[in-house]
Amino acid sequence: MSIMLLQLRVTGADSAVALGVLGLSLLSITLSVIIAATLVRGYLQSPRDTGILVLAIGLFLLTTVPELLRIGLPTFTAVGTSARAVAVSGCQLVGLAAILWAIYGGESR
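Residues numbered from 1 in each chain as written. Predicted model: local features only at pLDDT ≥ 70, side-chain atom pairs only at ≥ 80, totals over all residues. Heavy atoms only, no water.

Quick notes on helix α1 (residues 15-45)
Here is step 1: Spanning 31 residues, α1 covers 45 Å between terminal C-alpha atoms, matching the ideal 45 Å at 1.5 Å per step.
Here is step 2: Those residues of α1 hidden inside the fold are in contact with α2 (50-76). (Helix = DSSP H or I, 4+ residues; strand = E, 2+ residues; numbered from the N terminus. Expected span 1.5 Å × (residues − 1). Contact = heavy atoms within 4.5 Å.)

So this is what it looks like as structure tokens:
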């Protein structure tokens, strides 16, 4: 008896390519969460430096959240391609702004 744990439907691409892209996305999410968690641990060891925390949030918004939106929005909602692109780009823009704030303008140097 075989049980299908994950059913994938591929439209317009080879299923091996689709699985490869999904695997790379999951790897990207995992690595960015590990890096953000490392930054948060660094912040907790030195709570006076909020720049590290803002950097972690920016990285999370730049990498993890957009990947989750790219996978989750078409999978679980009826959000169109344009709305998804705006959500992903907006999230990345906020992440980049947070990173720039952490680098250049965060705290009095």
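The rest of the description comes next.
A short note on the packing of α2 against helix α3 (residues 81-105)
Helix packing for two helices is described by the angle between their axes and how far apart those axes are.
Here is step 1: As a packed pair, α2 and α3 sit with axes 7 Å apart at the nearest point and diverge in direction by 170 degrees. In terms of axis orientation, α2 runs roughly antiparallel to α3. (Axes fitted to C-alpha atoms, helices over the stretch in contact; angles between N-to-C directions. Parallel < 35°, antiparallel > 145°, perpendicular 65-115°, else oblique.)

Structural notes on the environment of alanine 102
Here is step 1: Relative to the assigned elements, alanine 102 resides in helix α3.
Here is step 2: Exposure remark for alanine 102: the relative accessible area of 11% places this residue in the buried category.
Here is step 3: For the pair alanine 102 and glycine 51, spaced 51 residues apart in the sequence, the C-alpha separation amounts to 4.7 Å. (Buried < 20%, exposed > 50% of the residue type's maximum accessible area, 1.4 Å probe, protein only.)

Notes on α2
Here is step 1: Most pronounced at leucine 61, the bend in α2 amounts to some 35 degrees.
Here is step 2: Residues of α2 that are buried: Gly51, Val54, Ala56, Gly58, Leu59, Thr64, Val65, Pro66, Glu67, Gly72 and Leu73.
Here is step 3: Buried residues in α2 make contact with α1 and α3. (Bend = angle between axes of the 7 residues up to and from the residue.)

Observations concerning the pattern of salt bridges
Here is step 1: Tallying each qualifying case throughout the model produces one salt bridge.
Here is step 2: With its nearest N and O atoms 2.9 Å apart, the salt bridge here joins glutamate 67 to arginine 70. Of the two residues, glutamate 67 and arginine 70 are both situated in helix α2; the distance of three residues between them amounts to about one turn of the helix.
Here is step 3: Among the residues examined, glutamate 67 registers a relative accessible area of 15% and is labelled buried.
Here is step 4: On the basis of relative accessible area, arginine 70 is assigned to the partly exposed category, the value being 36%. (Salt bridge = Lys/Arg side-chain N within 4 Å of Asp/Glu carboxyl O.)

Description of the packing of α1 against α2
Here is step 1: In the contact formed by α1 and α2, the axes pass within 9 Å of each other and the chain directions differ by 165 degrees. Here α1 lies roughly antiparallel to α2, going by the angle between them. For the pair α1 and α2, the crossing hand works out as left-handed. Note on element contacts: α2 touches α1 through Thr50, Ile52, Leu53, Leu55, Ala56, Leu59, Phe60, Thr63, Thr64, Glu67, Leu68 and Ile71, opposite Leu22, Ser25, Ser28, Ile29, Ser32, Val33, Ile35, Ala36, Leu39, Val40, Gly42 and Tyr43.
Here is step 2: Looking at side-chain class alone, the contact of α1 with α2 contains 16 nonpolar, seven polar and one charged residues. (Left-handed = near helix turned anticlockwise from the far one by under 90°. Nonpolar A, V, L, I, M, F, W, Y, C, P; charged D, E, K, R; others polar.)

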